[in-house]
Amino acid sequence: MASHLSVRRPPIRTLLTLAAVALVGVACDVGDDPTYADDVADILHQNCVACHRPEGPGPMPLLSYDDAASVASLIAQVTGERRMPPWLPARDDRSYRGERGLTDAEIATIRRWAEAGAPRGDAANEPAPPDLPSGWALGEPDLILEMEESYRVPATHHHDIYRNFVLDIPVDGPRWVKAVELLPDNPAVVHHATMQVDPTRSSRLTAMADPEPGYDDRVFASSARPPGGFFLAWTPGLVPAPYPDGMAWRVEPGSDFVVQLHLWPTGQPEEVRLRVGLYFTDEEPTRVPTILRLGGQEIDIPAGEPDFRISDRFEVPVDIEILGVYPHAHFLGKRIEAWGQAPDGDSIPLMTIPDWDFNWQDAYYYADPVVIPAGTILRKEWTFDNSAENPQNPHSPPERVVWGLNSTDEMAEFWIQAVTRTPDELEELERAARASDSRKQIEGWEFLVALDPNDADAQQGLASVAHARGQYEEALRRYQIALAAEPQLAPAYHGLAMLHEEMGNIDLALQAYRDALDVLPYNPSAMTDMGRLHAQMGNLAQAQSRFEEAVEMDSTYLDALNNLGSVLRDQERPAEALPWFQRALQLYPDFAEAHFNLSLTLASLGQPAQAMIALDEGLARDPENLQAVISLAWLLATDPDDAVRDGEIAVDLALQVHDITGPDAVVSDVVAAGFAAMGAPIEAVQFIAEAIDAARAAGVPPEMIEELQARQQLYRGGQMYIRPEG
């Protein structure tokens, strides 16, 4: 069991305790010694003041002579030890954008200056400090997102605090984001931050249910995700920069920006508030990146082990260029090495960090992309030191450490940002990455459950896997274990409800949906699924109420909008259904199902031309959905309203599907109904006979064949089939 953070803990990003550093300023004969004006100021301005400035992440400003002279010995010490400027990667593997560091000559100059008493020299020769922006390093953002109120960080806490803050993105239309900058007003309590985008309202609703600003995602997993292919993170000392040319990510109206702060209590109550600046571009990206992950959860480091190693690999199926990387571990991390093993046997270095420091994490972008040929195996190896000799070890004496989110747990990640030459190659790469991630996720859950059978998150994860595989009893067992360990785990109740639904345990399913909503009342997903279950049971009025509640929770929740329209149309209320489909498509123009539902609704309103346009829009996004075509054809062939019925269009649609499927019980039945509506009984009789033969060959239930035979009699008498109202 990992100890709490109240045990021995490394200092947080402070260079040294300034009170212990003697002030330097004694007058002396400088002779040929370096001076601040002629030698040191330029070094500090070029390498240090980006952080060491008012509102910067450095603990003190270094903009003036007085600033620098007061801590000259400290500057000499930390630069001589190469702890400042902070830069972890080895300098012999790759060159990086924004690379920080001093030359040997610059370090020697600072040392000699400090030893000489920090002489100022001729103040008239002092260069002016660089024109640094006040607050925003990239200049005034196009859009500033800001917390409405501060979050109070407690003086102490039993584990690290991971708090998610939801910021509205007030844009009227889609925008392309070329840079992001985060400014916490109290960086002393923020170890790092990660940023995501939620196109739904799930994160906002979760935050609304929490009495304090933000929310803790240990109980609820929102729909927030990083923009595809981009690192969005903040660490102390990070100098923000725009994305490379041709790259940007898209933000849609109605989205929220979700910032997770990793907060460290300082021993006294603190408050933190943050702002996020978004910088837009009107140029659509020409390159679309993706993120590859090397990592896993199989971490179990024995107490006292000084050289514990964890490795991972991924074979790239296509040629790629690597733009940047993001390593991540906690206090026990000692060294990481990452490289590619090319098909011809050559080794392609990616990164080496020989002396990891948890307090100075960063994302690193190469000065020139690293070219990786197809078939290369990307590898990484993390080394951990869990011995008493590790000054960063948070446990004294050392304790066993396993994977986990707390800083006293461990992680072993290496994330890679890559681009491909073509969209097809990107799809192939992402498909391979998803398969790899899925396999590692399952292996990680299995590993964690072996360590602790009551690990609720891991049990829930394995339950979802068993559920997807149709292993219902195994899924049920694991959901029950997860909920016994963590009764407030709303996603587990939701998964259990869907499992019971598939098992035919309708009452148990409804109860599990209620439990999910009791734990997390603002849960449009669970509310929508409960409504869907009511609709399947024929309880359309109850289904409508659930969908309306879900829309009230989140007016942008796609499934609720689409399902509310569907249940209204199923109640023969197409005029009321229409605006819900239109709203869904206004928010999500590429949602094919809403286009198909809109098509049926427009047809029911006697607007066949508009219905065909909506059908074409749906097929442009889901061209293999033959059921959508047949559904519209059936409506047009059999509707009770003469103003809606159009046998000619119905036949045209159904015959196009028939050309693909050949004789089929459903398709041939629709073709027959269309011909009957056209007043062509001979063709109707021909196709209904084909439908009956196909149904018998398929072994359909006798009652279905009887329905087809009843329609056959109608067509033989020259009549059409009219669908019963309701």
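Cut-offs applied
Residues numbered from 1 in each chain as written. Predicted model: local features only at pLDDT ≥ 70, side-chain atom pairs only at ≥ 80, totals over all residues. Heavy atoms only, no water. Helix = DSSP H or I, 4+ residues; strand = E, 2+ residues; numbered from the N terminus. Buried < 20%, exposed > 50% of the residue type's maximum accessible area, 1.4 Å probe, protein only. Contact = heavy atoms within 4.5 Å. Areas by Shrake-Rupley, 256 points an atom, 1.4 Å probe, with all protein chains shown as cover. Lys, Arg positive; Asp, Glu negative; His and termini not counted. Charge placed at Lys NZ, Arg CZ, Asp CG, Glu CD. Pairing = 2+ DSSP bridges. pLDDT = per-residue confidence, 0-100. Expected span 1.5 Å × (residues − 1). Axes fitted to C-alpha atoms, helices over the stretch in contact; angles between N-to-C directions. Parallel < 35°, antiparallel > 145°, perpendicular 65-115°, else oblique. Left-handed = near helix turned anticlockwise from the far one by under 90°. Nonpolar A, V, L, I, M, F, W, Y, C, P; charged D, E, K, R; others polar. Salt bridge = Lys/Arg side-chain N within 4 Å of Asp/Glu carboxyl O.

**Student:** Would you mind showing me how to read the overall build of the protein chain here?
**Tutor:** For the protein chain, the count of helices and strands is 21 helices and 20 strands. In terms of overall dimensions, the protein chain has a C-alpha envelope of 120 × 55 × 50 Å along the principal axes. With 726 residues in all, the protein chain has 50% of them scored as buried. Sequence separation of at least 24 residues holds for 74% of the intrachain contacts in the protein chain that already meet a minimum separation of 6. Carbon and sulfur atoms provide 49% of the accessible area of the protein chain, an area that totals close to 32,500 Å². Charge centroids of the protein chain, computed over 53 positive and 114 negative side chains, lie 3 Å from each other.

**Student:** Is there a simple way to think about the sheet that holds strand S8 (residues 256-263) in this case?
**Tutor:** Pairing in this open sheet of four strands is antiparallel, and the strands run S3-S8-S5-S6 from one edge to the other. Whereas interior strands pair on both sides, the edge strands pair on one side only; in this sheet they are strand S3 (161-168) and strand S6 (233-234). Direction of pairing for strand S5 (residues 190-198) relative to S8: antiparallel, over a ladder of eight bridges. In the strand pairing of S8, Met195 is matched with Val259.

**Student:** What is the right way to read the confidence of the model for the protein chain from this model?
**Tutor:** Overall, the predicted model of the protein chain reaches an average pLDDT of 89, with 94% of residues at or above 70. Scored below 50 in pLDDT, residues 1-31 shows 62 contacts in the model against residues more than four places distant or in partner chains.

**Student:** In this structure, what is going on with helix H15 (residues 592-604)? I would like to understand it.
**Tutor:** In an α-helix, one turn spans 3.6 residues, which is why side chains three or four residues apart end up on the same side. If you check H15, its first and last C-alpha atoms are 19 Å apart, about what 13 residues at 1.5 Å a residue would give, namely 18 Å. Counting buried residues along H15, eleven of its 13 residues qualify, which places the element largely inside the surrounding structure. Every buried residue of H15 is accounted for by Ala592, Ala594, His595, Phe596, Asn597, Leu598, Ser599, Leu600, Thr601, Leu602 and Ala603. In the stretch just after H15, Gly606 is the one whose phi turns positive, near 75°.

**Student:** Which parts of the structure should I look at to understand the packing of helix H6 (residues 423-451) against helix H7 (residues 456-468)?
**Tutor:** Any two packed helices are characterised by the angle at which their axes cross and by the distance between the axes. In the contact formed by H6 and H7, the axes pass within 9 Å of each other and the chain directions differ by 135°. Relative to H7, H6 is oriented oblique. Judged by the sense of rotation from one axis to the other, the crossing of H6 with H7 is left-handed. In contact with Ile442, Trp445, Glu446, Leu448 and Val449 of H6, H7 contributes Asp457, Ala458, Gln459, Gly461, Leu462, Ser464 and Val465. Partitioned by chemical class, the residues of the contact of H6 with H7 number seven nonpolar, three polar and two charged.

**Student:** Where do I start with the packing of helix H19 (residues 665-678) against helix H20 (residues 681-698) in this structure?
**Tutor:** Two elements in contact, H19 and H20, have axes whose closest approach is 8 Å; the angle formed by their N-to-C orientations is 165°. As far as their axial angle goes, H20 and H19 are roughly antiparallel. Judged by the sense of rotation from one axis to the other, the crossing of H19 with H20 is left-handed. Residues Ala665, Ser668, Asp669, Val671, Ala672, Phe675 and Ala676 of H19 lie in contact with H20, whose contacting residues are Glu683, Ala684, Phe687, Ile688, Glu690, Ala691, Ala694 and Ala695. Its residues assigned to classes, the contact of H19 with H20 shows eleven nonpolar, one polar and three charged.

**Student:** Would you mind going over the pairing of strand S15 (residues 333-341) with me for this structure?
**Tutor:** On a regular strand, one side chain projects to one face of the sheet and the next to the other, so that they alternate. As paired elements, S15 and strand S18 (residues 377-384) share eight bridges and run antiparallel to each other. Bridge pairing links Ala338 to Lys380 in S18. Of the strand pairs in this sheet, S15 and strand S16 (residues 347-353) are connected by six bridges, and their pairing is antiparallel. Bridged to Trp339 within S16 is Pro349. Linking S15 back to S16 in an antiparallel pair, the connection comprises five residues, with Gly345 at a positive phi of about 95°.

**Student:** It is not clear to me how the pattern of salt bridges should be interpreted in this structure. Could you clarify?
**Tutor:** Applying the stated criterion across every chain, the model contains 32 salt bridges. The residue Glu474 makes a salt bridge to Arg478 at a minimum N-O spacing of 2.8 Å. Placement of both Glu474 and Arg478 in helix H8 (residues 472-485) is noted, with a separation of four residues, approximately one turn of the helix. For Glu474, a relative accessible area of 27% translates into the label partly exposed. Across the pair Arg723 and Asp639 runs a salt bridge, and its minimum N-O distance is 3.0 Å. Note that Arg723 is positioned in the segment after helix H21 (702-716) and Asp639 in the loop between helix H17 (626-638) and helix H18 (647-661), a separation of 84 residues in sequence. One continuous salt-bridge network, built from bridges that share partners, spans Asp307, Arg309, Lys334 and Glu381.

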